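The residues making up each chain are set out below.
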Amino acid sequence: MLLYFEWNSHMLCKHKQLFVSISGGLETGAMWMSLSKYISIFLLLTLSGLFIINILVWKLDLCSLDLRRIHSEDPPPLDRERSFCSHLGKEPSPEEALEERYLLESIAWPETQPWLTSSPLTQTSDPAHSLFAILPAGGRREWHVGDQLEALVLMKDFQGRPKSHGGDFLLARLHSPELEAGVAGHVLDHRNGTYSAIFPLLWEGSVWVDVTLVHPSEAVPVLRRLREEHPDRVLYKSLFRSGILSETTMCNLRLPTNQQPLCNYTDPNTGEPWYCYKPKQLLSCDTRINHFRAGYQKDLITDKEALLFQSGVNLKARIHAMANDSVTVLPKKKEVESSSAKAAPIRTTASGYYFQGSWRGLGGVVIRQFKDTTAITQCLKDKMVYMYGDSTVRQYYEFLTSFLPELREFNLQSPVSTGPFMAVDIPHNILLKYRSHGPPISWTPISISQLRYVANELDGLAGGSKTVVVISIWAHFSTFPVQVYIRRLRHIRRAVVRLLDRAPETVVLVRSANLRAQSLQESLNFSDWFSVQLDEVLKAMFRGLNIFFVDAWEMTLAHHLPHDIHPHPPIIKNMINTILSHICPVKN
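Residues numbered from 1 in each chain as written. Predicted model: local features only at pLDDT ≥ 70, side-chain atom pairs only at ≥ 80, totals over all residues. Heavy atoms only, no water.

## Re the packing of aromatic side chains
Item 1. Summed over the entire model, instances satisfying the criterion amount to twelve aromatic pairs.
Item 2. Three or more aromatic residues link up through ring pairs in this structure, and these residues are W109, F169, W529 and F530.
Item 3. Across the ring face of W443, the terminal group of R394 is positioned such that the distance to the ring centre comes to 5.5 Å. (Phe/Tyr/Trp six-rings, centres within 6.5 Å; stacked < 30°, edge-to-face > 60°. Lys NZ or Arg CZ within 6 Å of the ring centre and 35° of its normal.)

## Observations regarding the confidence of the model for the protein chain
Item 1. Scored by pLDDT, the protein chain comes out at a mean of 85, with 82% of its residues at no less than 70.
Item 2. This stretch, residues 1–87, has a pLDDT under 50; its non-local contacts, to residues over four places away or in other chains, come to 99 contacts. (pLDDT = per-residue confidence, 0-100. Contact = heavy atoms within 4.5 Å.)

## As for the side chain of S176
Item 1. Within the secondary structure, S176 sits in strand β6 (residues 169–176).
Item 2. For S176, a relative accessible area of 0% gives the class buried.
Item 3. At 2.8 Å, the side chain of S176 and the side chain of W203 are in polar contact.
Item 4. Beyond its immediate sequence surroundings of up to four residues, S176 is in contact with A181, W203, S206, V207 and W208. (Helix = DSSP H or I, 4+ residues; strand = E, 2+ residues; numbered from the N terminus. Buried < 20%, exposed > 50% of the residue type's maximum accessible area, 1.4 Å probe, protein only. Polar contact = N/O pair within 3.5 Å; in protein donor to acceptor, adjacent residues only side chain to side chain.)

## Section: the pattern of salt bridges
Item 1. Inspection of the entire model under this criterion finds 19 salt bridges.
Item 2. In this structure, E96 engages R494 in a salt bridge whose closest nitrogen and oxygen atoms are separated by 1.9 Å. Separated by 398 residues along the polypeptide, E96 in helix α3 (residues 94–106) and R494 in helix α10 (residues 482–502) bring together distant segments of the chain.
Item 3. Exposure remark for E96: the relative accessible area of 15% places this residue in the buried category.
Item 4. Look at R494 and you get partly exposed, because its relative accessible area is 35%.
Item 5. For D157, the salt bridge goes to R161, with nearest N and O atoms at 3.0 Å.
Item 6. For D157, a relative accessible area of 4% puts it in the buried group.
Item 7. Residue classification places R161 among the partly exposed positions, given a relative accessible area of 38%.
Item 8. Here the salt bridges share partners, and the residues they tie into one network are E99, E100, R490 and R493. (Salt bridge = Lys/Arg side-chain N within 4 Å of Asp/Glu carboxyl O.)

## Quick word on the sheet that holds strand β23 (residues 430–436)
Item 1. Spatial strand order, β21-β22-β23-β20-β25-β26-β27: seven strands in an open sheet with mixed pairing. Looking at which strands have only one partner, the edges of the open sheet turn out to be β21 (408–410) and β27 (548–550). Pairwise comparison of adjacent strand axes, ignoring direction, gives a mean angle of 20° for this sheet.
Item 2. Strand direction decides the pairing type here: strand β22 (residues 421–425) and β23, joined by five bridges, are antiparallel. In the strand pairing of β23, F421 is matched with Y434. (Pairing = 2+ DSSP bridges. Axes fitted to C-alpha atoms, helices over the stretch in contact; angles between N-to-C directions.)

## Digging into the pairing of strand β8 (residues 186–189)
Item 1. Of the strand pairs in this sheet, β8 and strand β9 (residues 194–200) are connected by four bridges, and their pairing is antiparallel. Residue pairing in the sheet places H186 in a bridge with I198 of β9.
Item 2. Connecting β8 to the antiparallel partner β9 that follows it, the hairpin turn spans four residues, and R191 within it adopts a positive phi of roughly 60°.

## A closer look at the sheet that holds strand β24 (residues 446–447)
Item 1. Sheet architecture is open: six strands sit in the order β13-β14-β12-β11-β15-β24, paired in antiparallel fashion. In the strand order of this sheet, the two ends are held by β13 (262–264) and β24, each with one partner.
Item 2. Alignment of strand β12 (residues 245–252) against strand β14 (residues 275–277), held across two bridges, turns out to be antiparallel. Within the sheet, the bridge partner assigned to C251 lies in β14 and is C276.

## Concerning the state of the cysteines
Item 1. For the structure on display, the rule yields three disulfides.
Item 2. One disulfide bridge connects C251 with C276, the sulfur atoms lying 2.0 Å from each other. Across the disulfide from C251 to C276, rotation about the S-S bond amounts to roughly 105°, and the bridge is consequently right-handed. Linking C251 in strand β12 with C276 in strand β14, this pair joins segments that are 25 residues apart in sequence. Grouping residues by exposure puts C251 and C276 together as buried.
Item 3. Each sulfur of the disulfide joining C379 and C584 lies 2.1 Å from the other. On the S-S bond that ties C379 to C584, the torsion sits near 105°, and the link is right-handed. Of this pair, C379 sits in helix α7 (residues 373–380) while C584 sits in the segment after α14 (569–583), and the two are 205 residues apart along the sequence. Across the pair, exposure class does not vary: C379 and C584 are buried alike. (Disulfide = S-S within 2.5 Å.)

As structure tokens, then:
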């Protein structure tokens, strides 16, 4: 007989079915007559056993049962797709699904043929053989402030042969060291082995072009494969403890369900999923006390593929100019001259640029220079500043608490790297708070009581003209599919909209991703290739809201200091100036 059980689950993977097959037979004829008195007992025991099995299966806190059969045969081999949750979080609405498709299409990288490990490294992109050339401006070698500068990049392999396809990850910067000036360039992939690096000309004098190969096109399929097939390559664990019993188990956004029962820690408000394996000892899911990063999966790429990630060779390596790498920018043309000449179409925009070491925004508010503690204190007077996110926003908290002498930290007995933190300036009525975002978060042990989702925290704010919110959430999402990041931002965006609906005068600032140092291991888990896509998604999802951006991507790209997950103090100071300029804008 075949018994069919169906139920609706409030866990992530819904509408799963469990089949339990029981087969048996009874002999007929005379034997039936002799055994008839045991039939009722046999049926009662069978039904009782089935009832107990059903109850036990119902109680398994699993994300997915994968239509598993309960019988004595060996379990089938692991099917990765079927053994993981097929849906991470609540099903998106039709409008959300449409937005997600648009976002994924907008960041789609040019498809390239995966590099065959049998192919020699000499056929891959080599920055040492590649070149760039500055193109004449409209047929003339004269550039003025307000013009655009274009450099054509020709990619070649290690044998000096031109590449015939695109997909390389390039960065470009225009700078003047003596002026402490710099601006990020925009790179266009022509998908034939050539690229255009385009820069706005915003100041007079000599300017230099820098072009950097972050990853060759052959490395991109490796990174894409890691993100799609090994999103759990950062290892997370939690400690469960009750009395003298303790046990540590693996945790993640999704876990194979064929190994042991799961504890479901999906957030009831946002639907954000998180799971841990249930301890094998007599410890319930409620005994979980902390969360921490436990390392990384290793040996996920071959030795041959590792050759695509060699620092200084084909990983963040400079591309040299064919001839000159600099031009002289003349003053802006007079109105009569510029109107008579046909202007070139604008092919690049920048959010700002550095000049004399200070960041100047293009469009929006004027970026003020808060050079002393008095100016910052006066701007923050009577303000409550809430910072949510990863350690890149924690830098702002650390900068302000170290720079402002009257801003005193209140000791919450929190771990140094995880928080939460709070500081107050009682004479000036300033409150400053920092709290990390919810999992995934790759830090030293953090108490479960302090794992909060940003959207839930925003819903707890009253808001108003004295409230400032600064959000930065990106660095811990690079190993996961972009859909995971889209879902998290969608929840935060909804909470921001609710906050601005009830308190429109609240100042909300969103910090974007930034560039970071790259080594082999850094690239496999936290490549700038992952970050640039998260950066574009974040800007697209918050565009149009009454919020302000801190464009950390361009602020780190345009600056001369080395890239770092935690930007250097001069860059942080400029970010603080940007934030304060939005809190206290220049009055007309």
